[in-house]
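Below are the chains, spelled out letter by letter.
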Amino acid sequence: MKNMKIAKLFSKFSVKTLCISTLLFVFLVTILGLFALPRLQTQYSLKQFLPKDNPLLERDDHTKQLFQLSDSQPFIITARITADSETWFNKEKIRSLEALTNLLVNFPGVKNTLSLATVQGAISNNDGLSVGPLLKNLPENQWRQETLKNPLISPTLISQDARTASVIVNIKPLHTQELLALRQNLEVTAAAAVPFAHVEIGGTPAVQTDVGVLLQTELRNFVVLGFLSCFLVLGLIFANWSPLIISFIVIVCANIIVLAVMALAGYPFSVLSTTIPILTTVDVVSLIIHTLLRYSEEQKNQPQLSHQERVVYTFRVLLEPNFFASTTTMIGFLSLLATKVPLIRDYGLTAAGAIAIGWIVTTLTLFPLLYFLPGPQARDWAWAKARWGLYLFRRSGIWAFLIILVCSALAIKGQSLSWSARLFDDLPKNHQVRLSTETIDRELGGMIPLDIEIKGPADSWNDPALLAKMDQLLEDIRQTQGVGSAVGLPDLVAAANIHHTRLPASRSQTAEIFFLYSLSSDSPLKNFLNTDSSNTRISVRTFDLPSNQLQSLVQTIKEKATTTFPQMQVEVTGMGSTIHHLNNDLSRQLIFGFWHSMLAIAVVLIFVFRSVRWALVACIPNLVPPAALLGFLAISETPIKPSIAIIFSIALGLAFNNTVYLLERLRALQKNSKSKELEIEKTLWREGNPCLISTLVLLAGFSVFLASYFAMNRIFGFYMLLSMLAGLVGDLILLPTMLKSCPWLLTPVPWKKEKTMATVAMIFFALMITLTPTRTQAQMPTIEKVGESMSQRLRSRDEQFLVKMKIIEADGSSKDREMKIWRLSPAKKEHYLLVRMQKPQDLKGTALLATLKGEQEDKWIYLPSTKQTRRLTGESGQGGILGSELSTEDFDFNRDQSAQSAVKKELDIKGKKYLLIESDVASTSSNYSKIVSYVSATDFVPVKVECFDKQGKLLKVLDFTGYKNVGGTKMRASKISIKNVQNKRGTVIMLSQVKLDQGLTAARFTPKALSED
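The notes below deal with the structure included here. (Residues numbered from 1 in each chain as written. Predicted model: local features only at pLDDT ≥ 70, side-chain atom pairs only at ≥ 80, totals over all residues. Heavy atoms only, no water.)

### Examining the pattern of salt bridges
Here is step 1 of the chain: Tallied over the entire structure, the rule returns 21 salt bridges.
Here is step 2 of the chain: E453 is the salt-bridge partner of R59, the closest N and O atoms lying 2.7 Å from each other. Of this pair, R59 sits in helix α3 (residues 55–66) while E453 sits in strand β7 (residues 448–455), placing them 394 residues apart in sequence.
Here is step 3 of the chain: K740 serves as the salt-bridge partner of E681, at 2.4 Å between the closest nitrogen and oxygen. Here E681 is found in helix α25 (residues 680–702), whereas its partner K740 is found in helix α26 (residues 711–741), with 59 residues between them in sequence.
Here is step 4 of the chain: Note on K740: relative accessible area 30%, which makes it partly exposed.
Here is step 5 of the chain: Among the charged side chains, a network of salt bridges with common partners joins R80, D161, R442 and E443. (Salt bridge = Lys/Arg side-chain N within 4 Å of Asp/Glu carboxyl O. Helix = DSSP H or I, 4+ residues; strand = E, 2+ residues; numbered from the N terminus. Buried < 20%, exposed > 50% of the residue type's maximum accessible area, 1.4 Å probe, protein only.)

Here it is as structure tokens:
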């Protein structure tokens, strides 16, 4: 009946016409696409990884505008004297350097140039004041002395051994091709101008241009190697040539059309998008393999069908699975659109588009090519049933348990990722631009710019006293490990040397020096002092340090500046303060982004399988790749960069391919089966080898990245291979063994005790896999900062307030209290609390006094009926206030800061961010061993506190809500809820009429004071 329907739907004539038409259409589009390929450009820039409209970058732009700094990073030409006995302190050599510097300024795209031969200076001598090129105004025998000790010159323009000099070439905003042409001209001209020196071109623009050229080579190599690796796998699978011919045509057409669309849409090739041809190739080959192997299977199962009928049947059966397999891959890339980084967004869009185009081209060409060419002849091992699955099914529970256990351990280990990436460590080793960059970093004052802006009132920096303090600060910064050079306003003032002292002694002398600099044709003063002398800038260059070390260094420098000028505003800008911070934030966003991809894919699969259960089951094996990635990244201490973090979303999309094919085959078998049991063994037998072979194609395709020039691409390739292998384990081992052990996941199978181990393991896995890495403590506010911020909002010496208290018993019954409370905390470990009852009426006047001095806690109660004050001892003295779950220590907003506390992680709860702080109070608290606080990351007030008893078990949970400002900057919660999880009792407290710091003394908190109304 099926064959008759097929024959009715597709007559030979109509099918043949359709095949010819689609082939002609695809070939025509491919030929037209060839004409668009020359428009495809390669591009590389550090700014590609930076988000738009970021406050840090906006602040950086403001600094550049204020101090008239160039928006573009300069080319840096380094020239090292080849003769060991010679230096740059020679008239002929300086004359050659000057000629080169002056010549380069005339090149198209060059804004200005600077070198040792042209650096400006003001010199005071017997002949008067001289303003102009420094070396021209000094005798040759003073060159070494006056330059090497001058921070304005050395080590930026000449190394301390005087053998390496630099020419800084500031450029205008240029396109990639313009940069490349300028870079080539600079290299040729410099080599000819100073033949006695070894010339190299460095700086960020040099990195951009050289990497752009290497990207073109990478692209060519990737395409060739990708083709070869995929065809090698195809040759191992099929015994005849038609599959190779079909694959070659489809791959060529798909890649040309994808690249043509990129060129027409204006998307250049970047470091990331060099992966597009590989992604297109492996995706297309994966679709081809699944289709051709299914054809081979049907050739055996339905020998009565003709070749053309079998092609049509295979096409109809696999049209939907192929589409949804490509869709899940697309979703992984489309999740990258959520980032604010143009490079990442463009890559996500182009990669998703490449997958979509690949599916369309494959669908339009594979069917007609297979229709006209001889059918594929798969080798026996390729289309044979995957009987290796029988071994897995014999011990399904153990396999599932072991995989889940290992993945859970890797996910937990993944919380300690390494954030120690360097900025230029991706450059190919021993390549000219890498060597030049290392020379600049090592000998010429560092590669990473950092600006310290210090702002005060108008005319602040005319004050000699402030200049002297800054001079000391500069010296301190230069001595800081990791700093290559530091230049500030005192260096410009000292360089003038017109008053025979390093720094001026009066405002009038300072004004004279500033005026002297204004006489220069291109005064450097504008780069260090604004118009009204209120803002100054310290220019620091650091070495290319690991991310965490550089951020620590930046914080250290800022603290030094803040300490030196406590009354002024200190801002830190520049690449050193922004790029690693932004890259780390982006990396975290990309790592966490795989959950968004997972959710989106799950929603799609709900419609695919028409079942929520099937969609959720499909997600479980695909948690294996991210768990493996997290664990291995942490174990290997691989520095995290956006190019590494992006793997999570890519790998997830690719990993779902096999899941879709397996579950689609399982669903088809279930429809045709009369048995209520899952046909999981038969599914794996039939679909196991195609999925295995498809993964081999992915492995072969991504293995070409291991031959990349760039360490980043090699690392990318390695972890993509790892994620593919992990996905294979998840789909071909975990999924079938899990369904074998827990068939109730998809069918209503009665519970079996012998399946407990695998079931519990699966639940454990689902919980533990969510332990994805969080912000490291180095990336979050320190406990000192959090403590200080909390103290500013909460700490008070004394306070009084009105409290309405509801005490809730374990059975749900409650009683209400109203009271006035006075609290005093004059010192650490010294606290007083006085409570006087207002309601109910029969308790009015009853008062309680609690004191805590060191480890000694005492309580007294005043009974108005007998007008007696009694001390509470024994068990009565250890309970909560007035029988509630509130203790004296709970009301202490000034908890001892000497407790060992740490910010563990940052949480996002209902769109709000909180810091989780853990405090070890075992030695400072009489009631608790540990306190875990959830503190608002914006307001720095506790919203939830968990108190653990001396045995380490959770005792009480306190929730603080309804915060209000009291007494200016102080904040108090208007509602506190306390729940004792051990005795099930609770207390709700409402606070009002709060007064802080009223000058209370310890005399107010005595047993005698209890009887005083």
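### Some points on the environment of F656
Here is step 1 of the chain: With respect to the helices, strands and loops of the structure, F656 is situated in helix α24 (residues 647–672).
Here is step 2 of the chain: Sequence separation between F656 and A618 is 38 residues, and the spatial gap between their C-alpha atoms is 7.8 Å.
Here is step 3 of the chain: Sequence-distant contacts of F656, defined by excluding residues within four places in its chain, comprise T328, M598, I601, L605, A618, C619 and N622. (Contact = heavy atoms within 4.5 Å.)

### Some thoughts on the nonpolar core
Here is step 1 of the chain: The biggest cluster of nonpolar side chains holds 88 residues, and the ones touching the most others in it are F333, Y347 and F702.
Here is step 2 of the chain: Considering every element that reaches this core, the biggest residue donor is helix α11 (residues 342–372), with 14 residues.
Here is step 3 of the chain: When neighbours within four sequence positions are excluded, F702 is seen to be in contact with I278, L279, V282, L654, F716, G717, M720 and L721.
Here is step 4 of the chain: If you look at the next biggest cluster of nonpolar residues, it comprises 84 residues, including I76, V110, L427 and W461. (Core = buried A, V, L, I, M, F, W, Y, C linked by side-chain atoms within 4.5 Å.)

### Comments concerning unusual backbone geometry
Here is step 1 of the chain: Following S154, the chain continues to P155 via a peptide bond in cis, the omega torsion being 15°.
Here is step 2 of the chain: Positionally, P155 belongs in the loop between α5 (143–148) and β5 (164–171).
Here is step 3 of the chain: Within the chain, A162 stands out as a residue other than glycine whose phi angle is a positive 65°.
Here is step 4 of the chain: Relative to the helices and strands, A162 resides in the loop between α5 and β5.
Here is step 5 of the chain: In this structure A162 comes out as buried when scored by relative accessible area, which is 0%.
Here is step 6 of the chain: Although it is not a glycine, D459 sits at a positive phi angle of roughly 65°.
Here is step 7 of the chain: For D459, the location among the structural elements is in the loop between β7 and α16 (464–478).
Here is step 8 of the chain: Assessed through its relative accessible area of 40%, D459 is described here as partly exposed.

### Remarks on the sheet that holds strand β1 (residues 75–81)
Here is step 1 of the chain: The sheet built from four strands is open, its strands ordered β2-β5-β1-β6 with antiparallel pairing. At either margin of the open sheet sits one strand with a lone partner, and together these are β2 (110–115) and β6 (197–202). Ignoring strand direction, the axes of neighbouring strands in this sheet form an average angle of 20°.
Here is step 2 of the chain: Of the pairings in the sheet, the one linking β1 to β5 comprises six bridges and is antiparallel in character. Counted as the bridge partner of I76 is I168 from β5.
Here is step 3 of the chain: Helix-sheet contacts for helix α15 (residues 432–443) involve β1, β5 and β6, and the interaxial angle to β6 is about 100°. (Pairing = 2+ DSSP bridges. Axes fitted to C-alpha atoms, helices over the stretch in contact; angles between N-to-C directions.)

### Structural notes on the sheet that holds strand β9 (residues 535–542)
Here is step 1 of the chain: Read across the sheet, four strands follow the order β8-β9-β7-β10 without closing on themselves; strand pairing throughout is antiparallel. Two strands bound the open sheet, and with one partner strand each, they are β8 (483–487) and β10 (569–573). Across the sheet, the axes of successive neighbouring strands diverge by a mean angle of 20°, strand direction being ignored.
Here is step 2 of the chain: The strands that α16 touches are β7, β8 and β9; relative to β8, the one it contacts most, it runs at about 165°.

### Digging into the pairing of strand β14 (residues 847–853)
The side chains of a regular strand alternate between both faces of the sheet.
Here is step 1 of the chain: For β14, the tally of buried residues reaches six of seven residues, placing the bulk of the element in the interior.
Here is step 2 of the chain: The pairing of strand β13 (residues 830–839) with β14 spans seven bridges and is antiparallel. Note on β14: the bridge partner recorded for Y832 is T851.

### Some points on the packing of α25 against α26
If you want to describe how two helices pack, look at the angle between their axes and the distance between the axes.
Here is step 1 of the chain: Orientation of α25 relative to α26, taken along the N-to-C sense of each, is 175°, at an axis distance of 10 Å. When the axis of α25 is compared with that of α26, the two are roughly antiparallel. Residues I680, E681, L684, G688, C691, L692, T695, L698, L699 and F702 of α25 pack against F716, G717, M720, L721, M724, L725, L728, L732, P736, L739 and K740 of α26.
Here is step 2 of the chain: Class assignment for the residues of the contact of α25 with α26 results in 16 nonpolar, three polar and two charged. (Parallel < 35°, antiparallel > 145°, perpendicular 65-115°, else oblique. Nonpolar A, V, L, I, M, F, W, Y, C, P; charged D, E, K, R; others polar.)

### Some points on α26
Here is step 1 of the chain: In this model, α26 (31 residues) spans 43 Å end to end at C-alpha, consistent with the 45 Å of a helix rising 1.5 Å per residue.
Here is step 2 of the chain: Remark: the principal bend of α26, roughly 35°, maps to L734, with a proline, P736, within the next four residues. (Expected span 1.5 Å × (residues − 1). Bend = angle between axes of the 7 residues up to and from the residue.)

### Here's the deal with the side chain of N170
Here is step 1 of the chain: Here N170 is to be found in strand β5.
Here is step 2 of the chain: Within the structure, the side chain of N170 is placed 2.7 Å from the side chain of N112, a separation counted as a polar contact.
Here is step 3 of the chain: Every residue in contact with N170, bar those within four places of it in the chain, is listed here: P74, V110, K111 and N112. (Polar contact = N/O pair within 3.5 Å; in protein donor to acceptor, adjacent residues only side chain to side chain.)

### What about the packing of aromatic side chains?
Here is step 1 of the chain: Throughout the structure, instances matching the rule amount to eleven aromatic pairs.
Here is step 2 of the chain: Centre to centre, the rings of F718 and Y719 are 5.0 Å apart; their planes meet at 85°, and the pair counts as edge-to-face.
Here is step 3 of the chain: Summarising the aromatic geometry, the rings of Y832 and F1005 are spaced 5.8 Å apart at their centres and angled 35° between planes, so their arrangement reads as tilted. Separated by 173 residues along the polypeptide, Y832 in strand β13 and F1005 in the segment after β23 (986–996) bring together distant segments of the chain. Each of the two residues, Y832 as well as F1005, counts as buried.
Here is step 4 of the chain: Pairwise contacts between aromatic rings join F315, F367, Y371 and F372 into one cluster.
Here is step 5 of the chain: A cation over an aromatic ring shows up here: K944 above the ring of Y934, its NZ or CZ 5.4 Å from the ring centre.
Here is step 6 of the chain: Above the ring of W822, the side-chain terminus of R1004 is found at 4.8 Å from the ring centroid. (Phe/Tyr/Trp six-rings, centres within 6.5 Å; stacked < 30°, edge-to-face > 60°. Lys NZ or Arg CZ within 6 Å of the ring centre and 35° of its normal.)

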